Amino acid sequence: MNSFKKILVSLTMAAAISSVSTAAFAKPAGEEAVTTAVTSTIASLEQALSLMEKGGDNEAVNKAIGTARQQQKEFRFEVTERQRQKAVNMLVRAQNELKGGNLQPAEQSLREGLASFKEMKAIYDKTH
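Residues numbered from 1 in each chain as written. Predicted model: local features only at pLDDT ≥ 70, side-chain atom pairs only at ≥ 80, totals over all residues. Heavy atoms only, no water.

Turning our attention to the nonpolar core. Membership of the largest hydrophobic core comes to 25 residues, with the highest contact counts inside it found for Leu45, Ile65, Phe75, Leu110 and Phe117. Where this core is concerned, the elements lending two or more residues are α2 (29–53), α3 (58–71), α4 (81–99) and α5 (103–127). No other element matches the 8 residues that α2 contributes to this core. Contact partners of leucine 45, with chain neighbours within four places excluded, come to Ala68, Leu91, Leu110, Gly113, Leu114 and Phe117. (Core = buried A, V, L, I, M, F, W, Y, C linked by side-chain atoms within 4.5 Å. Buried < 20%, exposed > 50% of the residue type's maximum accessible area, 1.4 Å probe, protein only. Helix = DSSP H or I, 4+ residues; strand = E, 2+ residues; numbered from the N terminus. Contact = heavy atoms within 4.5 Å.)

Moving on to the side chain of asparagine 62. Summarising the element assignment, asparagine 62 is placed in helix α3. Once residues lying within four places of it in the same chain are set aside, the contact partners of asparagine 62 are Gln95, Leu98 and Lys99.

It is possible for side chains bearing opposite charge to pair when their charged atoms get close. Counted according to the given criterion, the structure contains 6 salt bridges. Salt-bridge contacts for arginine 76 lead to glutamate 81; the nearest nitrogen and oxygen are separated by 2.9 Å. The shortest N-O distance in the salt bridge between glutamate 81 and arginine 84 comes to 2.5 Å. Of this pair, glutamate 81 and arginine 84 both sit in helix α4, 3 residues apart, roughly one helical turn. Across the pair, exposure class does not vary: glutamate 81 and arginine 84 are buried alike. It is possible to trace a salt-bridge network through shared partners that takes in Glu53, Glu107 and Arg111. (Salt bridge = Lys/Arg side-chain N within 4 Å of Asp/Glu carboxyl O.)

Overall, the coordinates contain 2 aromatic pairs when judged by the stated rule. Consider the rings of phenylalanine 75 and tyrosine 124, whose centres lie 6.0 Å apart with planes at 70 degrees: the pair is edge-to-face. Of this pair, phenylalanine 75 sits in the loop between α3 and α4 while tyrosine 124 sits in helix α5; the two residues are 49 residues apart in sequence, bridging distant segments of the chain. Neither residue differs from the other here; phenylalanine 75 and tyrosine 124 are each classed as buried. Aromatic pair phenylalanine 77 and tyrosine 124: ring centres 5.0 Å apart, planes at 90 degrees, arrangement edge-to-face. Residue phenylalanine 77 is located in the loop between α3 and α4, and its partner tyrosine 124 is located in helix α5; the two are separated by 47 residues in the primary sequence. (Phe/Tyr/Trp six-rings, centres within 6.5 Å; stacked < 30°, edge-to-face > 60°.)

Structure, rendered in structure tokens:
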């Protein structure tokens, strides 16, 4: 009976350790949302830039930038937070220039914002 108790305790401990270890190695739930947010933000900005280069409708370009601004809200990474805020300010500047009909400064701000988001994604990917 004493041996049976020892085996039972050992099996229980082994089961508890293995269940904890799988949870410890699991990918954090929010990590996928962050990756999706930065990827979709970059895609929307590239779409806006493509529309702008093709001489597309300013309203369509503005909408694509607006979509990117909404998507970037889920991209929360402490290391790049200040850079994200600056990149969003570039996107706001691009939208304002676009509304004012200043296409060249709008395109420049859009390119800077896109480059900044690509850099942030590289930093995020390197640390995760």
